[in-house]
Amino acid sequence: MPRGRSTASQSNRRVEAVHLASWGSEEVSVGLPPTTTYADWLDAGSRVFRVDVPNVEPLDVLLLDCSFTLEFLASGTNDQARVRLVAAAPNGSTVVPTGAHVASELRNSRAPVAISGFLVAAQAGTYRVKLQGKTRNGDPGQLGIYDAFVLRVLHLKR
């Protein structure tokens, strides 16, 4: 696509809404459920780790930004963890936004994590943006979010 058309297309968008979910605690961890096959992604259990974006139309853009402190307690050298943002589309399918995937090689420490990405809506309706996680060789308490969690979704209309 010629550069001029791309810039013009983006400048014709307007902000429809900013959606926010946040959670904060100094001492409490919220664990992400472990998976046994490392092929399965599981939703973070609490409602605080998701945002519903209503009134989305085809070709609307959702800009995603998420930050939190992640801890992965590894008990073995083959343990691995991943977190990502996904969007549940109105038809129930899962859409993985561009750039919204993070692997963790943390071993028994806490570190700040930032995930950002975007998606262009393919259908009309409400999209649910949510955090998911998975571990390999993990125990239930191995993958946790500490201190604070913030998820922002900027909804841009055509």
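Residues numbered from 1 in each chain as written. Predicted model: local features only at pLDDT ≥ 70, side-chain atom pairs only at ≥ 80, totals over all residues. Heavy atoms only, no water.

What follows covers the overall build of the chain. Secondary structure assignment for the chain yields 1 helix and 10 strands. Of all 158 residues assigned to the chain, the portion counted as buried reaches 40%. Long-range pairs, those at least 24 residues apart, make up 82% of the contacts in the chain between residues at least 6 apart in sequence. By element, 50% of the accessible surface of the chain is carried by carbon and sulfur atoms, the whole surface being about 8,200 Å². (Helix = DSSP H or I, 4+ residues; strand = E, 2+ residues; numbered from the N terminus. Buried < 20%, exposed > 50% of the residue type's maximum accessible area, 1.4 Å probe, protein only. Contact = heavy atoms within 4.5 Å. Areas by Shrake-Rupley, 256 points an atom, 1.4 Å probe, with all protein chains shown as cover.)

What follows concerns the pattern of salt bridges. What the rule picks out here adds up to 6 salt bridges. Notably, a salt bridge pairs Asp 60 with Lys 157, separated by 3.1 Å at the nearest N-O pair. One end of the pair, Asp 60, is in the loop between strand E3 (50–56) and strand E4 (61–72); the other, Lys 157, is in strand E10 (residues 143–157), and 97 residues separate them in sequence. Taking the relative accessible area as the measure of exposure, Asp 60 reaches 1% and is therefore buried. According to the relative accessible area criterion, Lys 157 is buried, its value standing at 5%. (Salt bridge = Lys/Arg side-chain N within 4 Å of Asp/Glu carboxyl O.)

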